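In case you want the letters, here they are:
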Amino acid sequence: MTLATPTHCPYCSLQCGLNLQQAGGALTVVERPDFPVNRGALCIKGQTSADLLHSAERLTTPLVRDSKSGELRPATWDEALDMVAAALIAAQAKYGTDAVGVFGGGSLTNEKAYQLGKFARVALRTSTIDYNGRFCMSSAAAANLRAFGLDRGLPFPLEDIAGTDCILLIGSNLAETMPPAQRYFTEQRERGGSLIVVDPRATPTARNATLHLQPLPGTDLALALGLIHIAVQKGYIDQPFIDERTTGWPQVQAISMEYMPHRVERITGVPAKQLYEAARLIGEAPTGMVLTARGAEQHSKGTDTVSAWINLALALGKAGRAHCGYGCLTGQGNGQGGREHGQKADQLPGYRKIDDPVARAYVAGVWGVDPNSLPGPGPSAYELLDSLGEPSGVRALLVMGSNPVISAPRAAHIEAKLRRLDCLIVADYFMSETAAIADVVLPSAQFAEEDGTMTNLEGRVIRRNKAVPPPSGSRTDLEILAELAKRLGHTEGFSSQPELVFEELRRASAGGPADYAGITYARIDAEYGVFWPCPEESHPGTPRMFEERFNTADGRARFVPVTHRAAAEEPDSEYPIWFTTGRVMAQYQSGTQTRRVDRLNEASPEAFVEMHPRLAKSLGITDGETVRVISRRGWVEVKVRIVSSIRPDLVFMPFHWGGKGRANSLTNPALDPTSRMPEFKLCAVRIERLVTTTD
Ligand SMILES: Nc1nc2c(c(=O)[nH]1)N[C@H]1C(S)=C(S)[C@@H](COP(=O)(O)OP(=O)(O)OC[C@H]3O[C@@H](n4cnc5c(=O)[nH]c(N)nc54)[C@H](O)[C@@H]3O)O[C@H]1N2
Ligand SMILES: Nc1nc2c(c(=O)[nH]1)N[C@H]1C(S)=C(S)[C@@H](COP(=O)(O)OP(=O)(O)OC[C@H]3O[C@@H](n4cnc5c(=O)[nH]c(N)nc54)[C@H](O)[C@@H]3O)O[C@H]1N2
Ligand code: SF4
Ligand SMILES: [Mo]
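As the structure is a prediction and not an experimental result, all values here were calculated from the model.

(A) Quick peek at the sheet that holds strand β8 (residues 166–170). The strand order across the open sheet built from five strands is β10-β9-β8-β12-β13, with neighbouring strands paired in parallel fashion. Only two strands of the sheet have a single neighbouring strand rather than two, namely β10 (211–213) and β13 (325–328). Strand-to-strand, the axes of this sheet are offset by a mean angle of 15 degrees, without reference to chain direction. One ladder, built from four bridges, connects strand β12 (residues 288–292) with β13; its direction is parallel. Looking at the pairing, Met289 lines up with Gly325 of β13.

Okay, structure coming up:
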């Protein structure tokens, strides 16, 4: 009999179900048609995910930087862990507790994210902890909180999308970033529904739309206000809903009056006719959904932009009822759970706030520590990385689940700062670009080698199951944290058993906004996941939220008055072209994992920059030519792909590669004032040819 372990893909927030089957000593991925979210479908990354487990490039022994040669050399676990503990203790003794930093990730299981937060606050007593989710959906999270009093990416199951009449999808290329989700969009269209896609590129997602709006990047806020303006003008506003379920409309309506269609056309480049058409499609539809992803959110005004789109949904009465609502398409495998259990600078488990005295007392009680011993909020991800090696900044950093040398904005600057640390410790499966400059590298176990839970983009808590033991020489992240805690004097409170950690997480989250108290491993297995909040074991979980009330004190959603503003950096005579970044189907994030899978490299072997034929012509550039793209922060050298699907004033580059192909050498770390999200999606560049031809 062949053994199959039901589990989930290690990559994105869709967390597609798959089976891992033993075949001839190796694991292979086979369909798991019973799992409801993807119903057996997998994208090419999920299909090839078992290759990660058998990769010859797996790290299987700890490495430490040799003080004489300056090179990384193999070490025993004891030697490496002793070295880490000594470095952490030394940095704190010399520079204070906050001089040790922790940088986590949205790919960590809930158990690991929870334990990492506890490790920082209890074992290290540092306030300096944040994670890469800050770079991901923090703007949507902030806007969700201020409108609805609660942040869950989608307040409804994905399947509800198939039943809505109109979808407004802003800044998402889900045909490439979560392909199996497309089935719900296709079903929706087949039922007669309409889809409006807002993207400066005619992506595969946009090509399926009823209407594609192709604005200048960074102008979504004005676009949303313009649609509200037209909705008022045309009578699409749902006044009974506004009166019964919201507050703050008059102010937002007054602001929208200033966004006349011709003015919005001037700001966004979207013809007024298309603005009217978009407003009509969603305004006249009985039900509708407004969904955003990184294209709308990764801006220095990302939070206000999402607020503007939420305002539109509320004004049209398309929230808080069946087949209606605003949702953020979260990105990383555990992007949702990773932001709920305490690895974020301002958070305690259960999505509690670290500066709330009641929350501090409760969580301190679960942890058996004095509430006063818990540190306060720390710096956000970019600010943390920017402080590395500074006199009052971080001197030793533990990175678990991120590769900031590739993925942080203004990456050359951040890489230089990482190199200045007294001690950089990286736990990873592979030699990422960040691990390569570390002082200690700790080889971790991968998805099929550990148990745990993940929370997908719908707020569905699911189980990652162990199919094989980790290779000898590597350890799970929970084991690493337990061993380090022991060396810092905490022999208890840091279990390496996932289910025990989950039991503690349940208690720590009980009564908080993201309440997992009623969720057990056994229930998840029996029910294909459980949606939080789920306060009791007898509670069914909450697939749909806000149908009766929003999570604010008075139960009403809040309109938030926001106005359009320019990007932090705009083109000028020196840097005349807009530059934006994103993803391709076959590569994932900083590429540490996917760049090690043959089939994925064949599909997407290298970095490139997309440009419109008209722009290429004006610069004398031919398809396939290598050019230098330069911003105020750095340069890249990449091949050009000439495509007519992009605006002529903009170029696009995926961020999955390093070296001369590192998109983040160019990006602008201007931060959103509320979410502290960097402006990944917009800066100004100039393009230079490397060769001069005579023809
Ligand atoms: N293949 C693949 N899939 C992934 C990932 C991956 O790395 N690779 N990563 C996962 C993660 S963590 C995330 S966060 C998600 C991200 O998923 P998406 O948000 O779908 O991905 P992006 O490509 O970053 O951005 C989406 C689109 O935003 C557009 N855009 C750029 N600027 C603007 C703007 O100002 N306004 C608007 N409206 N659009 C703009 C870009 O042209 C791009 O097509 O994907 C997840 N899935
Ligand atoms: N220019 C530009 N930059 C961007 C973005 C963009 O759109 N444009 N998007 C941003 C977004 S949305 C995101 S989410 C970030 C992501 O960027 P990163 O934070 O760099 O995310 P990953 O590449 O997934 O890095 C995860 C690293 O941790 C390892 N890893 C994965 N899981 C685990 C685990 O369980 N344990 C341990 N120990 N290691 C693990 C992987 O091998 C990998 O090396 O990039 C951001 N950067
Ligand atoms: S869509 Fe996401 S979760 Fe599904 S197979 Fe692809 S990468 Fe994995
Ligand atoms: Mo992300």
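Now that the structure has been shown, we can carry on.
(B) Region of interest: the packing of helix α9 (residues 220–234) against helix α13 (residues 272–284). The contact between α9 and α13 brings their axes to 9 Å, and the two run at 70 degrees. With respect to α13, the axis of α9 lies roughly perpendicular. Crossing of α9 against α13: the hand is right-handed. Facing Leu223, Leu227, Ile230, Gln233 and Lys234 of α9, the residues of α13 in contact are Leu275, Tyr276, Ala278 and Ala279. The residue inventory of the contact of α9 with α13, partitioned by class, reads seven nonpolar, one polar and one charged.

(C) Quick look at the sheet that holds strand β1 (residues 4–8). Spatially, three strands are ordered β1-β2-β3 in an open sheet, and the strand pairing comes out antiparallel. At either margin of the open sheet sits one strand with a lone partner, and together these are β1 and β3 (26–31). Averaged over all pairs of adjacent strands, the angle between their axes in this sheet comes to 35 degrees, without regard to strand direction. Inspection of the sheet shows β1 paired to strand β2 (residues 17–23) by five bridges, in the antiparallel sense. Bridge assignment links Thr5 to a residue of β2, and that residue is Leu20.

(D) Region of the structure containing the domain arrangement of the protein. Taken as a whole, the protein is organised into domain 1 (4–54), domain 2 (63–135 + 334–531), domain 3 (138–328) and domain 4 (577–689). Inter-centroid distance (C-alpha atoms) of domain 2 to domain 4 is 30 Å. Contacts between domain 2 and domain 4 engage 21 residues on the former and 22 residues on the latter. Surface buried jointly by domain 2 and domain 4 totals about 1,700 Å² across both partners, of which 60% is contributed by carbon and sulfur atoms. Of all residues in domain 2, the largest losses of buried area upon contact with domain 4 belong to Ile406, Arg410 and Phe430, amounting jointly to 30% of the total for that side. On inspection of domain 2 and its partner domain 4, the count reaches three salt bridges. The shortest N-O distance in the salt bridge between Arg595 and Glu433 comes to 3.0 Å. The interface formed by domain 2 and domain 4 includes 13 residue pairs in polar contact (both at pLDDT 80 or more). At the level of elements, α18 (381–386), α19 (404–407) and α20 (411–419) are the ones that each hand at least two residues to the side of domain 2 that touches domain 4.

(E) Geometry of the side chain of Gln188. Considering the arrangement of structural elements, one finds Gln188 in helix α7 (residues 182–190). Excluding residues that lie within four positions of it along the chain, Gln188 makes contacts with Ile161, Ala162, Thr164, Asp165, Cys166, Ile167, Gly193, Ser194 and Leu195.

(F) Up close: the pairing of β12. For β12, the tally of buried residues reaches five of five residues, placing the bulk of the element in the interior. Where burial is concerned, the two faces of β12 agree: the one with Gly288, Val290 and Thr292 and the one with Met289 and Leu291 are both buried. Across five bridges, β8 lies against β12 in parallel orientation. Residue Ile170 lies in a different strand from β12, and its bridge partner there is Thr292.

Criteria and thresholds
- Residues numbered from 1 in each chain as written.
- Chains lettered and ligands numbered in written order.
- Predicted model: local features only at pLDDT ≥ 70, side-chain atom pairs only at ≥ 80, totals over all residues.
- Heavy atoms only, no water.
- Pairing = 2+ DSSP bridges.
- Helix = DSSP H or I, 4+ residues; strand = E, 2+ residues; numbered from the N terminus.
- Axes fitted to C-alpha atoms, helices over the stretch in contact; angles between N-to-C directions.
- Parallel < 35°, antiparallel > 145°, perpendicular 65-115°, else oblique.
- Left-handed = near helix turned anticlockwise from the far one by under 90°.
- Contact = heavy atoms within 4.5 Å.
- Nonpolar A, V, L, I, M, F, W, Y, C, P; charged D, E, K, R; others polar.
- Domains from an automatic or database assignment.
- Buried area = accessible area lost by both parts, 1.4 Å probe.
- Salt bridge = Lys/Arg side-chain N within 4 Å of Asp/Glu carboxyl O.
- Polar contact = N/O pair within 3.5 Å; in protein donor to acceptor, adjacent residues only side chain to side chain.
- Buried < 20%, exposed > 50% of the residue type's maximum accessible area, 1.4 Å probe, protein only.

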